[in-house]
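Listed here are the chains, written in short residue letters.
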Amino acid sequence: MAFLELVDLDKRYTQKGNLIVKHMNLSIHKGEFLVFLGPSGCGKTTTIRMISGLEEISGGDILINGKSVVSLPPKDRGVSMIFQSYAVWPHMTVRENIAYPLRLQKVSKKDIVTRVEKAAAAANIMELLDRYPTQLSGGQRQRVAVARAIVVEPQIFLMDEPLSNLDAMLRVSMRSELKNIHESLGATSIFVTHDQSEAMSLADRIVIMKDGLIEQIGTPKDVYFDCESIFVASFIGVPPTNFFHVSVLKDDAGLLLKSQDVSYRVDALEEKMLSPYVGKEVVMGVRPENLEISDTFDDNTFLTTHADFIEPQGSHIIVISKLESSVIKISSSKLELQAKSLIHVSVKDRKAMFFDKDTEKRIRLQEE
Amino acid sequence: MNKLNGIQKTLIALVLATVVIAVIVPLMFFFTNAFSNGREVYDYPKTPILSFTVKVQVSYNEDTGMYIVKYYDRNGELQNAVNTSFGEILSGYFEQYLSVYRTPEELLEQFEITKTEGPQEFTYGKNMWHNFKTFFLITSKAEEALVNSIIVVIFTIIISLTLGSMAGYAFARFRFKGKDQINVFMLIVRMFPMVGISIPLAVILIRFNLFDTMIGLAILYSLPNIALTSWITSSIFVGINRELEEASLVFGANGFQTFIKITLPLALPALAASSMYAFLTAWNDTISALILTNDHPTLALAVYQAIGDNTTNLQYAAAGSIILIIPALIFTFVIRKYVNQMWGGVSV
Amino acid sequence: MEGKALANNNGSNYKEMLRRVFNKKTAPFWLLAPTFIYYLVFWFSPIFISIKEVFTTLDGKFTVLGNFLFLFEQETFLPALLNTAFFAVASVMLQFVIALVLAILLNRKFKGQKLILFLVMIPMAITPTAVAIVWKTGLISSGWINSILQSFSVLEERIPFLGLRGIEAVIMIILIDTWTVMPSVLIILIAGLGNINEETKEAAYIFGASKWRIIKDITIPLLKPSIITAVILRMIAAVQVWAVVVMVMGFTNVPFLVERIAYYVGPVSSLPYADKLAYTYSFLTAVIVFIATIVYFKISKKGTALDRRTQK
Ligand SMILES: Nc1ncnc2c1ncn2[C@@H]1O[C@H](COP(=O)(O)OP(=O)(O)OP(=O)(O)O)[C@@H](O)[C@H]1O
Ligand SMILES: [Mg+2]
């Protein structure tokens, strides 16, 4: 059963302003680690703030355990939050910072002491308890924010880009600590980030947003390999998906996808999917690692081109090639490949995604 | 989080309304006062609304041959004004007490009709600048005082800003021995009452031949303002990224050019704010000007001397005050934006 | 050829000399020197003169307490001291409380917020002489204050405000002073509030703090540097109040320390001992301001983050 549900959630900041979050529907399970991922300004912060109760909603509903919470202040929603700026209180010691939420809840002095120490231990800041935030590094402040957020034993744990002010190394280690804490608490977490690798490594499910709309909800694997839209395919993955605008042609052997540069013979399954598009154009997306380079031309050859640039990445190389109408990137393990050499490229295991050119949505098999 | 309930909203509105009224009402009465004629200032109760006209009732007494002029006060009641048959007296009274400028002939000609038709009412437009003209008439050297005030303000700003910002820069950018002590000393300078310095300073200024000059006054006004400027600017200079300066040095500018081209523009808010405080010190002071000048008063001093502590003819005092307020008001509000920015970055 | 080389050499010598005089080490010295000289001539030497005056008798003999004892004998001295003390404490407190409430109310965005701020700021720009006139037109018995009170039928009789003396007069002056200087406190506090990270307040709200608790536990403690700044600046100015007093109430009726100085250098400056008293009053005032500031610093810094940090 869904634990936290967003139903047709709307947000506009001014009376007649644009909808910043548009009719969002989302259900989150208990114990899940959900990550909001999307470009800047797409409404991630806005959504998480509406869930926390910091921001009013303009329409729709938010349900926790089946009950509407939109009229409740944050403390009655069982949420706690980590802010991008950490928002630790500079005039309180670390201990006071962690204890303050408990003092607000009128927890007894004795319990406060034990709970503060427990939270501090979990966040690994036992020896910093009597310091002031100005005497801490960014990473340590972050831990204080974490301890303060977990000390209230929240049902829902909200994090708005909590790692974005940390350096790269620290980010990676904090990432796994956060995940550990999440698991040991058994809380439900919502985590906002720009950073896809962060999203991939943390999330049970990722919510990909664009302009206030949800583009796709799915496991990290889904959103990577099974993209719902051109946006998702281009947003996720470095280097991004290669796109080809191809015409769907019918001949004696079945369906053929063709453009200036490429040619792709469709198999039976794909034919079923693409048959409504005969005579039209579709967008074909192939991940760089799903393009395979061979020296010889054969039936499966998707396109033939020159390897214009080669970027060695250690374990593999990225081959960059200029086609007539676009540039493609191929991830390959052929470390010996020479720049400028002629290459024949095929699609690995038919791992291609097809998108409707107009709606930019994925073309799926229509169930009868 | 920022949602308020009805009661809270009402309460806040009430508090704000009270404060705004408390600020505005005195100003409205004061403003009205500055444009009141010699009779209206004594009206009671008073209204905070400007009047542009004066209504009088004129009747003719055949026995004495005099016109009996009565004046309608702001509450619509008739008050005795003047009884006379002489045009000059009428005209003089009208100008002095009613701020109505009419020649004796004009008035006599208009009043002629009351001889045959009985009492008549007349409405006249007030000369709204009467109090201002009178202020300049009764205040000796008012024009010179205005010029003096402007000069002393300019000198004060120049002295305080150059010396103060240099010191502020030194505090912000360099470590040196005795920095803390000098800082404390600057605070003490600001604490010492300016009046207290004025008396002995007079002795020194006489020695330098600067007594009764605007430079001499500016020297005094700069004393607290150099310290204030250095304090404000050093807080701002600390906030200015040193790399910006270094970048300029790398591109071949020398230290002085860097200071002029890079640092100074960035410090503009601080300098603007400091100049406002310098302005206000120099523009507002009366007592030190009283001590340090003889024949060359500043405007504030001139107004103070003209008004003294009497409680009559406050309309002229009010007019003089308006002349005194306007430049300060303009200056403050032009610079207010910077002052707000500046206080964001300053603390003791 | 030779001449050129020589000139070059001279040039580099000259530059070398410049460099020796103007470098990173000497820079603060050069930057501070003008101020230093300025204060030496125009601040220190007057102070020196006045200290000399304070500790010599009229006929030039050295005395430690003579002038102070003479000062204490003046019957206006004690009232002046008490009035000043009461004024400084009460006016600063009142102005601070009003400014704090206003700052918090005006820190939120709403329609008309800018306008209200603008209106409230106006009195700050009004010259003390003019302030005195603004209020004098109100305080005379046919003035607008009585007019207002009457029109709301609060009272029958007109109050002779200008005839008030003692504590009532001081309270009246406190109100007038508050009217003009509260905005300057407000500016500092509003700027301070603007610098507080919004998220620190939101965090408190998330954890269940009410609006009141947020103000009390988060906003005000974080505002402390601005509060200290504002209060110190006000206190220094409050001890030195005089212009409004004299222009509204006249000399001597409601004595204050600096009002006394103005009195002895103004209307009665020709009295033989007037200068002596003026010097002694200024000396005393400076000492009082100094002590008050130090005490305030000590009290306010105790318990702030800064202080506790250094104790650890
Ligand atoms: N208080 C506000 N008033 C008006 N508009 C706002 C406000 N806060 C955010 N917006 C607008 O709402 C949109 C979504 O903002 P939001 O902060 O939710 O984006 P985000 O996805 O968190 O972006 P980022 O990744 O940059 O943090 C933006 O276009 C922003 O300009
Ligand atoms: Mg955001």
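Above: the structure in question.
Residues numbered from 1 in each chain as written. Chains lettered and ligands numbered in written order. Predicted model: local features only at pLDDT ≥ 70, side-chain atom pairs only at ≥ 80, totals over all residues. Heavy atoms only, no water.

### Here's the deal with the overall build of chain A
To keep it simple, the criterion reads: Counting from the N terminus, the helices are the DSSP runs of H or I reaching at least four residues and the strands are the DSSP runs of E reaching at least two. A simple rule labels every residue: compare its accessible area, found with a 1.4 Å probe on the protein chains alone, to the largest value its type can have, and call it buried under 20%, exposed over 50%, or partly exposed in between. By the convention used here, residues are in contact when the closest approach between their heavy atoms is within 4.5 Å. Shrake-Rupley sampling with a 1.4 Å probe provides the accessible areas, and residues are treated as covered by the protein chains on show and by no other component. Within this scheme the basic residues Lys and Arg register as positive and the acidic residues Asp and Glu register as negative, but His and the chain ends are omitted. Think of each charge as sitting on NZ of Lys, CZ of Arg, CG of Asp or CD of Glu.
Of regular secondary structure, chain A possesses nine helices and 21 strands. By its C-alpha atoms, chain A is 80 × 45 × 35 Å across when sized along the principal axes. Scored against the burial criterion, the 368 residues of chain A give a buried share of 52%. For chain A, the proportion of contacts with a sequence separation of at least 24, taken over those separated by at least 6, is 67%. Entry remark: accessible area of chain A is about 17000 Å², with carbon and sulfur atoms responsible for 50%. For chain A, the distance from the average position of its 44 positive side-chain charges to the average position of its 49 negative side-chain charges is 8 Å.

### Side note on the site of ligand 1
Residues and elements named next belong to chain A. As a reminder of what qualifies: Only heavy atoms are used to decide nearness, and a residue is near a molecule or strand if one of them lies within 4 Å of it. Side-chain atoms alone can form a polar contact between residues adjacent in sequence; in general such a contact is a pair of N or O atoms within 3.5 Å, and within protein one must be able to donate a hydrogen while the other accepts it. Each residue gets one label: Ala, Val, Leu, Ile, Met, Phe, Trp, Tyr, Cys and Pro are nonpolar, Asp, Glu, Lys and Arg are charged, and the others, such as Gly, are polar.
Around ligand 1, the neighbouring residues are Tyr13, Ile20, Ser40, Gly41, Cys42, Gly43, Lys44, Thr45, Thr46, Glu161 and His194. Between ligand 1 and tyrosine 13 there is a distance of 3.3 Å, counted from a nitrogen atom to a side-chain nitrogen or oxygen. Side-chain polar atom of threonine 45 to an oxygen atom of ligand 1: 2.4 Å apart, as the coordinates give it. Taken by itself ligand 1 offers 630 Å² of open surface, and the protein chains cover 59% of this. A class-by-class count of the residues in the shell around ligand 1 yields three nonpolar, six polar and two charged.

### Points about the packing of helix H5 (residues 142-173) of chain B against helix H8 (residues 214-239) of chain B
Each packed pair of helices is defined by two parameters, the angle between the axes and the distance between the axes. Residue and element names in this part refer to chain B. Using the following cut-off: Axis lines are fitted through C-alpha atoms, for helices just across the contact stretch, and the angle between N-to-C directions can take any value from 0 to 180 degrees. With the far helix as reference, a near helix turned anticlockwise by less than a right angle produces a left-handed crossing, and one turned clockwise produces a right-handed crossing.
For the pair H5 and H8, the least separation of the axes is 6 Å and the interaxial angle reads 35°. Crossing angle aside, the handedness with which H5 passes H8 is right-handed. Residues belonging to the contact of H5 with H8 are distributed by class as follows: 18 nonpolar, 12 polar and one charged.

### Some thoughts on a nonpolar patch on the surface
For the record, the criterion: The patches described consist of residues with a relative accessible area above 30% and no salt bridge, like charges being joined within 9 Å and nonpolar side chains (Val, Leu, Ile, Met, Phe, Trp, Tyr) within 5 Å. When a carboxyl oxygen of Asp or Glu lies within 4 Å of a side-chain nitrogen of Lys or Arg, that pair is called a salt bridge.
Together, C:Val287, C:Phe290, C:Ile291, C:Ile294, C:Val295 and C:Ile299 make up a nonpolar patch on the protein surface, roughly 490 Å² of accessible area in all. One can find C:Ile299 in helix H13 (residues 274-301).

### Concerning the state of the cysteines
For clarity, the cut-off: The disulfide criterion used throughout: a pair of cysteine sulfur atoms within 2.5 Å.
All told, the structure shown has zero disulfides over all chains when counted by the stated rule. Considering cysteine sulfurs only, A:Cys227 is the nearest to A:Cys42, which forms no disulfide, with 17 Å between them.

### Overview of the sheet that holds strand S2 (residues 66-72) of chain B
All names here are of chain B. The condition that has to hold: For two strands to pair, DSSP has to find at least two bridges joining them.
One open sheet holds the four strands; their spatial order is S3-S2-S1-S4, and the pairing between them is antiparallel. Among the strands making up the open sheet, the edge pair consists of strand S3 (78-84) and strand S4 (120-125). Neighbour to neighbour, the strand axes of the sheet diverge by 30° on average, direction disregarded. Relative to the sheet, helix H2 (residues 87-98) contacts strand S1 (53-61), S2, S3 and S4, its axis offset from that of S3 by approximately 145°. Running over the sheet, helix H3 (residues 104-117) touches S1, S2 and S4 and is turned about 160° from S4.

### Quick notes on the pattern of salt bridges
Residue and element names in this part refer to chain A. Overall, the coordinates contain 29 salt bridges over all chains when judged by the stated rule. For glutamate 117, the salt bridge goes to arginine 95, with nearest N and O atoms at 3.6 Å. Placement of glutamate 117 in helix H3 (residues 109-122) and of arginine 95 in helix H2 (residues 94-104) is noted, with a sequence separation of 22 residues between them. As a salt-bridge pair, arginine 95 and aspartate 130 come within 3.4 Å of each other at their nearest N and O atoms.

### Things to note about the sheet that holds strand S19 (residues 327-332) of chain A
Residue and element names in this part refer to chain A. Across the sheet, which stays open at both edges, the three strands sit in the order S17-S18-S19 with antiparallel pairing between neighbours. Both edges of this open sheet fall to strand S17 (309-312) and S19, since each of them pairs with a single strand only. Adjacent strand axes in the sheet meet at a mean angle of 20°, parallel and antiparallel pairs treated alike.

### Examining the nonpolar core
This is how the line gets drawn: Among buried residues, those of type Ala, Val, Leu, Ile, Met, Phe, Trp, Tyr and Cys that are joined through side-chain atoms within 4.5 Å constitute a nonpolar core.
Core analysis: the largest hydrophobic core is formed by 288 residues, its most contacted members being A:Ile98, C:Leu186 and C:Leu189. If you tally residues by element for this core, the top one is helix H8 (residues 166-194) of chain C, at 15 residues. Contacts of C:Leu186, omitting those with residues within four sequence positions, involve C:Ala99, C:Leu102, C:Ala103, C:Leu106, C:Leu117, C:Val120 and C:Met121. If you look at the next biggest cluster of nonpolar residues, it comprises 31 residues, including A:Leu257, A:Tyr264, A:Val266 and A:Leu323.

### Let's talk about unusual backbone geometry
Here A:Val238 and A:Pro239 are connected by a cis peptide whose omega angle stands at -10°. Within the element layout of this structure, A:Pro239 appears in the loop between helix H8 (230-235) and strand S11 (242-251). The linkage connecting B:Tyr44 with the following residue, B:Pro45, adopts the cis geometry, with an omega of -10°. Among the secondary structure elements, B:Pro45 is positioned in the loop between helix H1 (6-34) and S1. A positive phi is found at A:Arg350, a non-glycine position, where the angle reads about 55°. With respect to the element layout, A:Arg350 can be found in the loop between strand S20 (342-347) and strand S21 (353-356).

### Some details on the interface of chain B and chain C
This is how it is decided: Joining two parts hides part of their accessible area as seen by a 1.4 Å probe, and the buried area is that hidden amount summed over both.
Each side of the interface is counted separately: chain B has 95 residues, and chain C has 92 residues. Summed over both sides, the interface between chain B and chain C buries roughly 8100 Å², with carbon and sulfur atoms accounting for 79% of that surface. Scanning the region where chain B abuts chain C turns up 10 residue pairs in polar contact (both at pLDDT 80 or more). Taken together, the residues of the side of chain B that touches chain C break down into 73 nonpolar, 16 polar and six charged.

### What to know about the packing of H5(B) against helix H11 (residues 268-284) of chain B
All names here are of chain B. For clarity, the cut-off: By the definition adopted for this analysis, an angle is roughly parallel if under 35 degrees, roughly antiparallel if over 145, roughly perpendicular if from 65 to 115, and oblique otherwise.
Their axes nearest at 8 Å, the elements H5 and H11 cross at an angle of 140°. Between H5 and H11, the crossing angle belongs to the class labelled oblique. Every pair of crossing elements has a handedness; the one defined by H5 and H11 is right-handed. Mapping the contact onto sequence places Leu146, Ser149, Ile150, Val152, Val153, Thr156, Ile157, Ser160, Leu161 and Ser165 in H5 and Leu271, Ser274, Ser275, Ala278, Phe279, Ala282 and Trp283 in H11. Split into classes, the residues belonging to the contact of H5 with H11 amount to 11 nonpolar, six polar and no charged.

### Examining the pairing of S20(A)
Residue and element names in this part refer to chain A. Counting buried positions along S20 gives five out of six residues, so the element sits mostly inside the fold. Where strand S16 (residues 301-306) meets S20, five bridges bridge the pair, whose relative direction is antiparallel. The partner of threonine 301 across the bridge, within S20, is serine 346.

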